[in-house]
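Examination of the molecular architecture
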Amino acid sequence: MTKLFAALLLAAAILPTQAATLQPEKSDLGFTFKQMGVPVDGKFRKFEAQLDFDVKKPEAGKIAFTVDLGSVSLGDPSFDKELAGTPWFDTKRNGKATFVSSGIKPTGPSKYDVAGKLTIKGASRDVVVPITLASGVASGSVVIKRLDFKIGDGEWADTSMVANDVTVKFKLAFSGL
């Protein structure tokens, strides 16, 4: 999930700051993991981004992204309550996940790699999120290791039950571009 946050931040970073505004109602931040080999999809309903980006000077850009971990949803209130608990996101003590960029590198037409620090549950890791920008929409996906961020502690640390890899997917729409 941390790479998802980084990917979202990267996507936002390639848009002009003076006019670009994240449109959460037209944006998606989701993730997929496997439980006992079966893919499970989830999403976050609340997130925000701060941008400082010039397409002509992407290397000078900066982005910060915050995700409300309490807004997680697997589509079932009992599962959502479980995810908010201590072994998973521990939202009472760690309600937010953050990403702060440290560099943006163009990799091709409308493509960028955004490097930065992702923090979840007090654990910080350097991540690089590839993004594509087209028609005011930044999109992409990145795989993170949930155990690097203490997501699924205790009995849930067994990766035969819940896989360690989590694919974070995002589509971020911006207005004013």
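The structure we're discussing is the one just above.
Residues numbered from 1 in each chain as written. Predicted model: local features only at pLDDT ≥ 70, side-chain atom pairs only at ≥ 80, totals over all residues. Heavy atoms only, no water.

1. Remarks on the nonpolar core
If you look at the biggest cluster of nonpolar residues, it comprises 39 residues, and the most contacted ones within it are L29 and F44. For this core, the elements supplying multiple residues, two or more each, are β2 (28–35), β4 (47–52), β5 (62–68), β7 (96–108), β8 (111–120), β9 (123–134), β10 (137–145) and β11 (165–175). (Core = buried A, V, L, I, M, F, W, Y, C linked by side-chain atoms within 4.5 Å. Buried < 20%, exposed > 50% of the residue type's maximum accessible area, 1.4 Å probe, protein only. Helix = DSSP H or I, 4+ residues; strand = E, 2+ residues; numbered from the N terminus.)

2. Side note on unusual backbone geometry
Here the phi dihedral of M36 falls at roughly 50°; this positive angle occurs in a residue that is not glycine. The residue M36 is located in the loop between β2 and β3 (38–44) in this model. By relative accessible area, M36 is classed as exposed at 59%.

3. Notes on the environment of L29
With respect to the element layout, L29 can be found in strand β2. Given a relative accessible area of 2%, L29 falls into the buried group. Each C-alpha atom, one on L29 and one on G42, is 8.8 Å from the other, the two residues being 13 residues apart in sequence.

4. Some details on a positive patch on the surface
A surface patch of positive charge is lined by K43, R45, K46 and K96. By the secondary structure assignment, K96 is in strand β7. Take K96: its relative accessible area is 48%, and that puts it in the partly exposed class. (Patch = residues over 30% accessible without salt bridge, like charges linked within 9 Å, V, L, I, M, F, W, Y side chains within 5 Å. Areas by Shrake-Rupley, 256 points an atom, 1.4 Å probe, with all protein chains shown as cover. Salt bridge = Lys/Arg side-chain N within 4 Å of Asp/Glu carboxyl O. Lys, Arg positive; Asp, Glu negative; His and termini not counted. Charge placed at Lys NZ, Arg CZ, Asp CG, Glu CD.)

5. Structural notes on the pattern of salt bridges
Pairing between side chains of opposite charge can happen when their charged atoms approach one another. Under the counting rule described, the total for this entry stands at six salt bridges. Notably, a salt bridge pairs R93 with D90, separated by 2.9 Å at the nearest N-O pair. When its relative accessible area of 7% is taken as the criterion, D90 is described as buried. One salt bridge in this structure joins D126 and K117, with 3.0 Å as the shortest N-O distance. When its relative accessible area of 61% is taken as the criterion, D126 is described as exposed.

6. Remarks on the pairing of β3
Summarising the sheet, β2 and β3 pair through six bridges and their orientation is antiparallel. Looking at β3, one finds that G30 is bridged to K43. Counting the residues that bridge the hairpin from β2 to β3 gives two residues, and of these M36 lies at a positive phi of roughly 50°. Examined bridge by bridge, β3 and strand β6 (residues 72–73) share two bridges and lie antiparallel to one another. Directly across from K43, in β6, lies its bridge partner S73. (Pairing = 2+ DSSP bridges.)

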